[in-house]
Amino acid sequence: MRASRLLSILILLQLRQRLTAEELAEEFEVSVRTIYRDIDALSAAGVPVYGDRGPGGGFQLLDGYRTKLTGLDASEAEAMLLIGLPGEAQAMGLGDAATRARNKLLAALPKAGSEEANRIAGRFHLDSRDWYRAARPTPFLSRVARAVLDRSLLTMTYDSWKARADWRVEPLGLVLKAGQWYLVGRGHGKIRIFNISDIQSLELLDEEFERPGDFDLAAWWQTEQARFETELFSEIATLRLSPLGLKRLAALSPRGAAAARSAQIGHDGWALAEIAIENSDHGAREILMIGAEMVILSPANFRDRVHALAAGIAALNKGAIG
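Residues numbered from 1 in each chain as written. Predicted model: local features only at pLDDT ≥ 70, side-chain atom pairs only at ≥ 80, totals over all residues. Heavy atoms only, no water.

(A) Inspection of the pairing of strand β5 (residues 164–177) at higher detail. With six bridges connecting them, strand β4 (residues 152–159) and β5 associate as antiparallel partners. The residue bridging D159 from the neighbouring strand is R164, located in β5. In this structure, the hairpin formed by β4 and β5 is closed by a connection of four residues. Hairpin remark: β5 followed by strand β6 (residues 180–187), antiparallel, with two residues in the connecting loop; positive phi at A178, about 50°. (Pairing = 2+ DSSP bridges. Helix = DSSP H or I, 4+ residues; strand = E, 2+ residues; numbered from the N terminus.)

(B) Local environment of the sheet that holds strand β1 (residues 18–19). Taking strand neighbours across the sheet as the criterion, the three strands line up as β1-β3-β2 in an open arrangement whose pairing is antiparallel. Both edges of this open sheet fall to β1 and β2 (49–52), since each of them pairs with a single strand only. One ladder, built from four bridges, connects β2 with strand β3 (residues 58–61); its direction is antiparallel. Bridge pairing in β3 links Y50 to Q60.

(C) The arrangement of the side chain of S242 in detail. Looking at the secondary structure, you find S242 in the loop between β9 (235–241) and α10 (243–252). The exposure class assigned to S242 is buried, which follows from its relative accessible area of 4%. Excluding residues that lie within four positions of it along the chain, S242 makes contacts with W270 and E293. (Buried < 20%, exposed > 50% of the residue type's maximum accessible area, 1.4 Å probe, protein only. Contact = heavy atoms within 4.5 Å.)

(D) Just helix α13 (residues 300–317), in detail. With 18 residues, α13 extends 26 Å from end C-alpha to end C-alpha; this agrees with the ideal 26 Å at 1.5 Å per step. Restricting attention to buried positions, one finds in α13 the residues F302, V306 and L309. End-on, the buried residues of α13 take up no more than an arc of 65°, which puts them together on one face. In α13, the exposed positions angled more than 90 degrees off the buried face are occupied by H307 and A315. Contacts from the buried residues of α13 go to β9, β11 (271–277), α12 (280–287) and β12 (294–298). Looking one or two residues beyond α13, the residue adopting positive phi is G319, at roughly 70°. (Expected span 1.5 Å × (residues − 1). Arc of directions from axis to C-beta.)

As structure tokens, this is what we get:
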């Protein structure tokens, strides 16, 4: 533990130029006295670190000194791909490792390269959360991530939209989509998708499984997502839309955007578009967001459901006093 902290102190001094004992103590959650002992240990090991007292003082390395001790430990190597996702790395229990890995990566670069990397990082931010939605709690995420990394079998109670059931799962990977974490795992002889937020209880078993050597998580997810959407949105609705209605259709969903791109614009400015819907009820509740900027041409049951919902809303709100 101390050796890791000493290396981390050395790398931070290289990256930040000057740090006080209080700042280092807060960074590593140790006492200021411990930091002074660590600095003495670095000096005794031949590291040219020196300190200035008083306002503006602190510890720093001799100008031009750079360490080459930047190898990654196992946890840091695991966290490398999460360097740009600090919130997600923390949720998976890899936050500190991701920070250390980032610092080691920057320390391994020449000074100009390190400054350029920090400059770029300060100008781009990746936010994986969906708009206007609070993330659902994922209390088992860090343990699931550990099972994925260690190839450990797990048992869990899972509450799906069908029913609550007990599962024995081989965890193959984790996917973050629109702010939601999903476990891809083999259970009951089939590779399936589990929403981490719907896990009610979980236990890691002291038993490893053999991960399929040819399994490609990204490719499998892309194929499965396409299959799921094709099966789920199996009906086609034909709409006639005003120019404003076409804009609203494009903003409705990825399916709406695709429908808007392929729409045929008439001489009067109105467009003819086809959009895939799940069923008449779900599609009606979705399409009402376009408002009175559309005419539904087909199918008839979809048109009737939209009419019924709109009539119900109008009747309920007629003469209502706010």
